[in-house]
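Analysis of the macromolecular model
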Amino acid sequence: MKETPVSRMRIQQARMLCLMGARAVTIAAATGIRPTDARAIYKEIHGTVSPPGQTPHSLEWYLERPARRLQASLLLKLYFLCIQSGYSTQQAFIAAYDVYWNIYGAADTSKRQQSERLIDPERGFYLVKRAGSFGALSAPGVGEAIAALPCRSCGLEILSPAHEAAFVCPQCASGFQNPGHRLRA
Ligand SMILES: [Zn+2]
């Protein structure tokens, strides 16, 4: 491949995503490098060919568990902050995912005090790809839109069904059921 500052940066970002667990198909889509180059990078880093298989195709997964929902919301928020700062969608994803990755710690499972990172680069890339410019995500599988809505109690923006008018996030909702717990928070 021809070396330019942009191509060097893309290759560097491709390597970063590969080390974070992305397969060649996602590396190519997220960085804009050619699929053959993405496969070569995967092989070089992992010593095996990039595994085939589907990339994520449903938004329901992100809502299934409160922790996933929270982490997806954070990643989306970071992504939109990058977009607002003038990043391209590609660069916004890479910057946002890098921050998300570091917030949830290195891939060292022996450190039990660290929160578990639940969204791999492929899930992350799918989420931002579906996000569009306004933050409302249409989910054909669910038959309704989901969006990052502000919790009316704490103000945190959490991924939710877009029709929920008076939205309360799962964390605050559990506090409402247990007021003593909430007062100590
Ligand atoms: Zn809340």
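Residues numbered from 1 in each chain as written. Predicted model: local features only at pLDDT ≥ 70, side-chain atom pairs only at ≥ 80, totals over all residues.

**Description of the overall build of the chain**
Counting secondary structure elements, the chain contains nine helices and three strands. For the chain, the N- to C-terminal ordering of α and β elements is α-α-α-α-α-α-α-β-β-β-α-α. Residues classed as buried in the chain amount to 30% of the 185 residues present. Sequence-distant contacts, at least 24 apart, represent 46% of the contacts inside the chain between residues at least 6 apart. (Helix = DSSP H or I, 4+ residues; strand = E, 2+ residues; numbered from the N terminus. Buried ≥ 20, exposed ≤ 12 C-beta atoms within 10 Å, placed from the backbone. Contact = placed C-beta atoms within 7 Å.)

**Some points on the nonpolar core**
With 42 residues, the main nonpolar core has Ile-27, Leu-75, Leu-76, Tyr-79, Phe-93 and Ala-96 as its most contacted residues. Residues lining this core come from more than one domain, with at least three contributed by each of domain 1 (1-53) and domain 2 (56-181). The residues contacting Leu-75, other than those within four sequence positions of it, are Ala-96, Tyr-97, Tyr-100, Ile-119, Gly-124 and Leu-127. (Core = buried A, V, L, I, M, F, W, Y, C linked by C-beta atoms within 7 Å. Domains from an automatic or database assignment.)

**Observations regarding helix α1 (residues 5-19)**
It helps to recall that an α-helix has 3.6 residues per turn; residues three or four apart then point in one direction. In this model, α1 (15 residues) spans 21 Å end to end at C-alpha, consistent with the 21 Å of a helix rising 1.5 Å per residue. Taken as a whole, α1 has its buried residues at Arg-10, Gln-13, Ala-14, Leu-17 and Cys-18. All buried residues of α1 project into a common sector of 140° when viewed along the axis, lining one side. Facing away from the buried side of α1 by more than 90 degrees, the exposed set consists of Pro-5, Arg-8 and Gln-12. Buried positions along α1 lie against α2 (24-31), α3 (35-46), α6 (89-103) and α7 (121-131). Just beyond α1, the residue with positive phi is Gly-21, at close to 110°. (Expected span 1.5 Å × (residues − 1). Arc of directions from axis to C-beta.)

**Things to note about α3**
For α3, built from 12 residues, the straight-helix expectation of 16 Å at 1.5 Å per residue is met to within 8% by its first-to-last C-alpha distance of 16 Å. Against the buried residues of α3 lie α1 and α2. The positive-phi residue at the C-terminal boundary of α3 is Gly-47, with phi of around 75°.

**Some remarks on the packing of α6 against α7**
Helix-helix packing: each pair is described by the crossing angle between the helix axes and the interaxial distance. For the pair α6 and α7, the least separation of the axes is 11 Å and the interaxial angle reads 135°. Here α7 runs oblique to α6, going by the angle between their axes. The chirality of how α6 crosses α7 is right-handed. On the side of α6, the interface is formed by Phe-93, Tyr-97 and Tyr-100, while α7 contributes Pro-121, Gly-124, Phe-125 and Val-128. Broken down by class, the residue content of the contact of α6 with α7 amounts to six nonpolar, one polar and no charged. (Axes fitted to C-alpha atoms, helices over the stretch in contact; angles between N-to-C directions. Parallel < 35°, antiparallel > 145°, perpendicular 65-115°, else oblique. Left-handed = near helix turned anticlockwise from the far one by under 90°. Nonpolar A, V, L, I, M, F, W, Y, C, P; charged D, E, K, R; others polar.)

**Thoughts on the environment of Ala-22**
Mapped onto the elements of the fold, Ala-22 is located in the loop between α1 and α2. On a C-alpha basis, the gap between Ala-22 and Arg-123 in space is 9.5 Å, while along the polypeptide they are 101 residues apart. Leave out the neighbours within four places in its chain, and Ala-22 touches Leu-17, Ile-27, Ala-30, Pro-121 and Glu-122.

**A short note on the confidence of the model for the chain**
Looking at the chain, the pLDDT average stands at 84 and 81% of residues meet or exceed 70. Within the chain, α3 carries the highest mean pLDDT (97), whereas helix α9 (residues 179-184) carries the lowest (50). (pLDDT = per-residue confidence, 0-100.)

**Overview of the environment of Leu-70**
Inspection of the secondary structure puts Leu-70 in helix α5 (residues 66-84). On the basis of neighbour count, Leu-70 is assigned to the partly exposed category, with 18 C-beta atoms found within 10 Å. In this structure, the C-alpha to C-alpha distance between Leu-70 and Cys-169, residues 99 residues apart in sequence, is 9.1 Å.

**Structural notes on the packing of α5 against α7**
Interaxial distance between α5 and α7 falls to 10 Å at its minimum, and their mutual angle equals 55°. One finds that α5 runs oblique with respect to α7. Handedness of the crossing formed by α5 with α7: right-handed. Note on element contacts: α7 touches α5 through Gly-124, Leu-127, Val-128 and Ala-131, opposite Ala-72, Leu-75, Leu-76 and Tyr-79. For the contact of α5 with α7, the per-class residue count stands at seven nonpolar, one polar and no charged.

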